[in-house]
Amino acid sequence: MSSPLGDSISKVELLDVMGDDLTVVNAARVSFAKESTVLDEKDEKLIKYLAKNNHITPFFHPQVRFRLKMPIFVAREWFRHTIGFARNEVSRRYVDSPPEMYVPQELRERDPKLKQGSKETIVGNNDEIVSRLADATKLAHECYAMLLDQQVAPEVARMILPQSMYTEFIETASLYAYARLCRLRLDPHAQREIQLYAEAVCDALKDKFPVSWTALMG
Ligand SMILES: Cc1cc2nc3c(=O)[nH]c(=O)nc-3n(C[C@H](O)[C@H](O)[C@H](O)COP(=O)(O)OP(=O)(O)OC[C@H]3O[C@@H](n4cnc5c(N)ncnc54)[C@H](O)[C@@H]3O)c2cc1C
């Protein structure tokens, strides 16, 4: 698989949406003891004004819940977004089923000009290295299974599992929190794999909050 979302394991599943563009408008209009029932042109202008002028609290009221499944090395970055997010994650202290691993089929080259990031080009000896990566991943699987066989506790055995292992979590956050995450992680400097997850979240939310999302994403 060439990207985490190109496989059948990765997941960005929209579970629940509380609110819509009107929720934002009415959170703002309560200051004047006013309420809109249908989103009109004035309301759209208000949303744009709020976003542009950093009046962000009305965007905290819509709440969105996702089920997400991504490799640990992507989740490690995702979890740095803390304010406005609630998360519950699968625990390998309790779960000892065979872990699922991400083994990309194309390995991007290091960019000598950048401290972080990568080139779009694939390493010259890609196939050979992918095969070695798959072998190392299999070895980690086998060692994990051996530790469990030897009655090592799952919470201890898990230490052998690589960062390519998938983790799954349920996440609830405000519309504003997701817009902030997406703005940061859609940046070309962000890791390609996290960009793909941010794109999927972006696709889900722009349909549900067409005016607010466009206003927040600039
Ligand atoms: C391209 C890229 C590269 C990165 N590289 C690194 C790296 O090399 N090393 C690394 O450690 N991290 C790195 N990060 C992570 C980055 O430092 C942030 O932790 C991450 O982007 C989440 O930022 P956030 O503002 O959404 O955080 P959140 O914790 O969600 O905070 C949201 C906002 O709340 C406010 N806030 C939060 N906490 C405080 C506080 N204590 N005091 C005052 N205001 C607060 C701030 O306005 C903040 O922007 C990188 C992020 C990106 C996008």
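Worth saying up front: this structure is predicted, and the values here are computed from it rather than measured. Here the residue numbering is sequential within each chain, running from 1 through the sequence in written order. Local features in this predicted model are restricted to residues of pLDDT 70 or higher, and side-chain atom pairs are both shown and tallied only at a pLDDT of 80 or more, whereas totals for entire chains, interfaces and linings draw on every residue. Only hydrogens and water are set aside when side-chain values are computed; all heavy atoms of the structure are taken into account.

Caption draft 1: Representation of the pattern of salt bridges. Between Lys or Arg on one side and Asp or Glu on the other, a salt bridge is scored when a side-chain nitrogen of the former is within 4 Å of a carboxyl oxygen of the latter. A complete count under the given rule lists 14 salt bridges for this structure. Across the pair Lys 69 and Glu 168 runs a salt bridge, and its minimum N-O distance is 3.9 Å. With Lys 69 in strand S2 (residues 63-71) and Glu 168 in strand S6 (residues 166-174), the pair connects residues that are 99 residues apart, well separated along the chain. Like Lys 69, the residue Glu 168 is buried in the burial classification. Between Glu 77 and Arg 185 there is a salt bridge, and its shortest N-O distance comes to 3.8 Å. With Glu 77 in helix H3 (residues 72-78) and Arg 185 in helix H6 (residues 175-185), the pair connects residues that are 108 residues apart, well separated along the chain. Working definition: with a 1.4 Å probe on protein chains only, accessible area under 20% of the residue-type maximum means buried, over 50% means exposed, and in between means partly exposed. Judged by its relative accessible area of 24%, Glu 77 falls in the partly exposed class. The exposure class of Arg 185 is buried, given its relative accessible area of 16%. Residues joined by salt bridges that share partners form a network here, namely Lys 11, Arg 67, Lys 69, Glu 100 and Glu 168. Secondary structure is summarised from DSSP: a helix means a run of H or I of at least four residues, a strand means a run of E of at least two, and numbering begins at the N terminus for each.

Caption draft 2: Representation of the nonpolar core in the model. Here, the term nonpolar core denotes a set of buried Ala, Val, Leu, Ile, Met, Phe, Trp, Tyr and Cys residues that are joined through side-chain atoms within 4.5 Å. Ranked by size, the top nonpolar core spans 41 residues in total, and within it Phe 59, Met 70, Trp 78, Leu 175, Tyr 178, Leu 205 and Trp 213 carry the most contacts. Looking at this core, the elements with two or more residues in it are helix H1 (21-29), helix H2 (41-52), S2, H3, S6, H6, helix H7 (192-208) and helix H8 (210-217). If one sorts the elements of this core by residue count, H6 sits on top with 7 residues. Counting 7 residues, the second largest nonpolar core, distinct from the first, contains Leu 147, Leu 148, Leu 161 and Met 165.

Caption draft 3: Representation of unusual backbone geometry within the structure. Backbone geometry at Ala 33 places phi at a positive 55°, although glycine is not the residue there. Structurally, Ala 33 can be placed in the loop between H1 and H2. Overall, the relative accessible area of 74% leaves Ala 33 in the exposed class. Phi angles above zero are rare outside glycine, and Gln 151 is one such case at about 70°. Here Gln 151 is to be found in the loop between helix H4 (126-149) and helix H5 (154-157).

Caption draft 4: Focus on the sheet that holds S6. If DSSP finds at least two bridges between two strands, the strands pair. Spatial ordering of the open sheet is given by S1-S2-S6-S3, a layout of 4 strands whose pairing is antiparallel. Lying at the two open borders of the sheet, with one neighbouring strand each, are strand S1 (11-18) and strand S3 (85-89). Each neighbouring strand pair of the sheet contributes to a mean axis angle of 20°, computed without reference to strand direction. The pairing of S1 with S2 spans 7 bridges and is classified as antiparallel. Within S2, the position partnered with Lys 11 by the bridge is Lys 69. Note on contacts: a residue pair is in contact if any heavy atoms of the two residues lie within 4.5 Å. Angles run from 0 to 180 degrees between N-to-C directions of axes, and those axes are lines fitted to C-alpha atoms, restricted for helices to the stretch in contact. Where H6 meets the sheet, it contacts S2, S3 and S6, and its direction lies at approximately 125° from that of S6. The sheet contacts of H7 involve S1, S2 and S6, and relative to S1 the element is tilted by about 30°.

Caption draft 5: Structural context of the site of the ligand. Summary of the distance rule: residues count as near a molecule or strand when at least one heavy atom falls within 4 Å of that molecule or strand. Neighbouring the ligand are Arg 80, His 81, Thr 82, Ile 83, Gln 116, Arg 180, Leu 184, Arg 185, His 189 and Ala 190. Within the contact set of the ligand, an oxygen atom lies 3.0 Å away from a backbone nitrogen or oxygen of Ile 83. Surface accessibility follows the Shrake-Rupley procedure with a 1.4 Å probe radius. Residue values consider only the protein chains on display as shielding. Relative to its free-state accessible area of 950 Å², the ligand is covered by the protein chains to the extent of 44%. In this count, Pro and Cys sit with the nonpolar residues alongside Ala, Val, Leu, Ile, Met, Phe, Trp and Tyr, while Asp, Glu, Lys and Arg are called charged and the others, Gly among them, polar. A class-by-class count of the residues in the shell around the ligand yields 3 nonpolar, 4 polar and 3 charged. What qualifies as a polar contact is a pair of N or O atoms within 3.5 Å, subject to a donor-acceptor requirement within protein and to the restriction that residues adjacent in sequence count only when both atoms come from side chains.

Caption draft 6: Spotlight on the side chain of Asn 126. By the secondary structure assignment, Asn 126 is in helix H4. Accessibility expressed as a relative area gives 8% for Asn 126, which makes it buried. Polar side-chain contacts of Asn 126 include one of 2.9 Å to the backbone oxygen of Gln 105. With sequence-adjacent residues up to four places away left out, Asn 126 is seen in contact with Gln 105, Glu 106 and Leu 107.

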